[in-house]
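The lines below spell out each chain.
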Amino acid sequence: MVPKKIYRPLAVLLTAACTLTLTLTVGADEDTDNGYYYTDNDYEYTDDGNNDDNGYNDTDNNDNTYDDTDDNENDDNTDDNETADTEQDDDAEAFNEDTYQEQQASLEEENRQLQEKLQITAEELQKKRQTVKDLQAQIADLHDRISASNKHILTLNDEITEKQKLIEEKSAEIEEVLALLRIRLRNIHTAGDTTSLEIILGAKDFADFLDKAEMVKSMSDYDTNLIHSIEDQAALIAAEQKALREKKLSVEAEKAQLEKDKTAINQLLEENTKLVESLMTDQKKLQNEQKDNEAKQEELEKAWEAYLERQEEEKQRQEELERLKSRNVMVVPRNGDKYVWPCPGFTYLTSTFDEWRGVNNHGALDIAEAGIYGAQVVACYDGIVFSTYEYCEHDWGKDTSCGCGGGYGNYVMIDHGNGKISIYGHLSGVTVEAGQTVKAGQLIGFVGSTGFSTGAHLHFETRYNNVRYDPLTEY
């Protein structure tokens, strides 16, 4: 994490650390995207005798000897880093303007085809929906016609019933007339076998003869006409009833056909409804495919923008490398993640890397503030402790160096691989030993004022191939 509180505003220092002009004796330029920052090769750190903690003398103490030969673990890390870089380079090379244009053209063609299919599906869906509406209208019309037929059949049933009653009434009248005739015939029979001629001949006189002859004739005509009249009425009613029955049969046949038509149309409606549902499913699928296509186009555009940014950054990096090569500048690669702040909770800087010390720069960070004595000091990055010193008992502020630890006093030195080390000086106590593997953020000691130190503080120093560089470039 980047400390939030420093002696000078850290934001300014970080900006300065990344953009120092090349006119300084010590320059530190950072290429954060490619994981490189640069330090002048011609940087020479000399001990002016005024500040012994600036001197790092490998011959003063055997423990201080720094073996720059990577062990197997560091070799593995280097190989992994190189492999990762190679894969990234391959990915970068795999995507270029040609592949972008090919993918863009392919996606645009795919989107065009999807749009055509959507248009066809939408038109077909509109037709099928209209068909469904038409079929529903036909079914509604058939339903109304079937209802009308039912009403008509009911009416015809009522009329047929009424005609049946009239036929029965006429039949009853005929039966009454026949009953009267039977009575008269019975009376005639009771009176003897008297014919109409005998009735007439039995007249008393001519006038009586005429009356009796007329009576016989009238009686015969009346009965005959009455019977014929009733029979005619009954026949007429029967004919009307027959016509009604035939009409009923016709209406029932019409209703049956309507029911049949309704069943057929219902089947068509069901089939078309299924087609509508199928088309809607196809439409939804095509819309989802179109959304996926648009998302792919958006991702492609982002990839293209990122590619252009990388191209621009690579161009700037190459320009910067060319500029630095002209000044004999070496490249310092990042190990990977950013460093952990070595003194958690304390961020004031009383001295910075580029602080001028009369004849040279400080070359490290001094972290100090009230209450820092005894604060925890942690490893800034994974590594192996290759040197420690914990024999200095001069743990107080002083104007001259006690000479312990070459001016560092009690210290810890950690090898992070790839030629990079970190040094933690003026400690009051050390909690690790040489050869021990540590992780970033692991406790390695406590802040003190041993060695050449005017007060309690942590001297934090980083080197690449034994050349000091600004630790702030790691944050």
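Residues numbered from 1 in each chain as written. Predicted model: local features only at pLDDT ≥ 70, side-chain atom pairs only at ≥ 80, totals over all residues. Heavy atoms only, no water.

**Q** Where do I start with the overall build of the protein in this structure?
**A** A tally of regular secondary structure across the protein gives five helices and 13 strands. Sorting the 475 residues of the protein into buried and exposed places 37% on the buried side. Carbon together with sulfur atoms contributes 50% to the accessible area of the protein, which is approximately 27,100 Å² in total. (Helix = DSSP H or I, 4+ residues; strand = E, 2+ residues; numbered from the N terminus. Buried < 20%, exposed > 50% of the residue type's maximum accessible area, 1.4 Å probe, protein only. Areas by Shrake-Rupley, 256 points an atom, 1.4 Å probe, with all protein chains shown as cover.)

**Q** What's the story with the nonpolar core in this structure? I'm lost.
**A** Looking at soluble globular proteins, one finds that nonpolar side chains tend to be buried together. Core analysis: the biggest nonpolar cluster contains 30 residues, and Cys343, Ile367, Val412, Ile414, Tyr424, Ile444 and Leu458 have the highest contact counts within it. Looking at this core, the elements with two or more residues in it are strand 5 (365-367), strand 8 (410-417), strand 9 (420-430), strand 11 (443-447) and strand 12 (458-464). Setting aside residues up to four positions removed in sequence, Ile414 forms contacts with Ala379, Gly383, Ile384, Val385, Phe386, Lys420, Ile421, Ser422, Tyr424, Val438 and Ile444. Listed in part, the 11 residues of the second largest apolar core include Leu125, Ile265, Leu269 and Leu279. (Core = buried A, V, L, I, M, F, W, Y, C linked by side-chain atoms within 4.5 Å. Contact = heavy atoms within 4.5 Å.)

**Q** I keep staring at the environment of Ser229 and nothing clicks. Help me out?
**A** As for its placement among the helices and strands, Ser229 is situated in helix 5 (residues 206-325). Placed 55 residues apart in sequence, Ser229 and Ile174 show a C-alpha to C-alpha distance of 9.3 Å.

**Q** Is there a simple way to think about the pattern of salt bridges in this case?
**A** For side chains bearing opposite charge, pairing can occur when the charged atoms are close. One pass over the structure, following the stated rule, counts eight salt bridges. Among the ionic pairs, Lys274 bridges to Glu270, the shortest N-O distance being 3.7 Å. Remark: Glu270 and Lys274 occur in helix 5; sequence separation between them is four residues, near one turn of the helix. What makes Glu270 partly exposed here is its relative accessible area of 47%. Salt bridges sharing common partners tie together Glu109, Arg112 and Glu116. (Salt bridge = Lys/Arg side-chain N within 4 Å of Asp/Glu carboxyl O.)

**Q** Sorry if this is basic, but what is going on with unusual backbone geometry here?
**A** Glycine aside, residues mostly have negative phi angles, and peptide bonds mostly take the trans form. Phi angles above zero are rare outside glycine, and Asn465 is one such case at about 50°. One non-glycine residue, Asn466, adopts positive backbone phi at about 70°. If you trace the backbone, Asn466 turns up in the loop between strand 12 and strand 13 (467-469).

**Q** Explanation requested: a negative patch on the surface in the structure shown.
**A** Side chains of Asp158, Glu159, Glu162, Glu168 and Glu169 sit close together on the surface and give a patch of like negative charge. Within the fold, Asp158 resides in helix 3 (residues 97-191). (Patch = residues over 30% accessible without salt bridge, like charges linked within 9 Å, V, L, I, M, F, W, Y side chains within 5 Å. Lys, Arg positive; Asp, Glu negative; His and termini not counted. Charge placed at Lys NZ, Arg CZ, Asp CG, Glu CD.)

**Q** Explain the packing of aromatic side chains to me, please; I cannot follow it from the model alone.
**A** Between two aromatic rings, the relevant description is the distance of the centres plus the angle of the planes. Inspection of the entire model under this criterion finds nine aromatic pairs. Taking 5.2 Å as the distance between ring centres and 40° as the angle between the ring planes, the aromatic pair formed by Tyr339 and Tyr381 counts as tilted. Here Tyr381 lies in the loop between strand 6 (376-378) and strand 7 (383-389) and Tyr339 lies in the loop between strand 3 (329-333) and strand 4 (349-351), a separation of 42 residues in the sequence. There is no split in this pair, since Tyr339 and Tyr381 are both buried. Centroid distance Tyr339 to Tyr475: 6.4 Å. Interplanar angle 90°. Geometry classified as edge-to-face. Of this pair, Tyr339 sits in the loop between strand 3 and strand 4 while Tyr475 is found in the segment after strand 13, placing the two residues 136 residues apart along the sequence. Accessibility assignment for this pair places Tyr339 and Tyr475 in one class, buried. (Phe/Tyr/Trp six-rings, centres within 6.5 Å; stacked < 30°, edge-to-face > 60°.)

**Q** Just to check I follow, could you spell out the confidence of the model for the protein for this structure?
**A** Low pLDDT marks regions whose predicted coordinates should not be analysed in detail. Mean pLDDT over the protein works out to 75, with 68% of the residues at or above the 70 mark. For the stretch residues 1-88, pLDDT sits under 50, and the model shows 187 contacts to residues farther than four places along the chain or on other chains. (pLDDT = per-residue confidence, 0-100.)

**Q** Explain the pairing of strand 9 to me, please; I cannot follow it from the model alone.
**A** Consecutive residues of a regular strand have side chains that alternate between opposite faces of the sheet. Of all 11 residues in strand 9, 10 are buried, a share of seventy percent or more. Here strand 8 runs beside strand 9; their pairing, made up of six bridges, is antiparallel. The partner of Met413 across the bridge, within strand 9, is Ile423. The turn joining strand 8 and strand 9, which pair antiparallel and follow one another in sequence, is formed by two residues; a positive phi near 60° is taken by Asn418. Pairing of strand 9 with strand 12 involves six bridges; the strand directions are antiparallel. Directly across from Tyr424, in strand 12, lies its bridge partner Phe460. Where strand 9 lies against strand 11, three bridges are found, and the strand directions are antiparallel. Looking at the pairing, Val430 lines up with Gly445 of strand 11. (Pairing = 2+ DSSP bridges.)

**Q** Got a minute to help me understand the pairing of strand 11 in this structure?
**A** Inspection of the sheet shows strand 6 paired to strand 11 by three bridges, in the antiparallel sense. Bridge assignment links Val378 to a residue of strand 11, and that residue is Leu443.

**Q** I'm lost on the side chain of Asn272 in this one. Help?
**A** Considering the arrangement of structural elements, one finds Asn272 in helix 5. Residue class for Asn272 comes out buried when judged on its relative accessible area of 8%. Within the structure, Asn272 has its side chain in polar contact with the backbone oxygen of Leu268 (distance 2.8 Å). What Asn272 contacts, discounting residues up to four positions off in sequence, is Lys128, Thr131, Val132 and Leu135. (Polar contact = N/O pair within 3.5 Å; in protein donor to acceptor, adjacent residues only side chain to side chain.)

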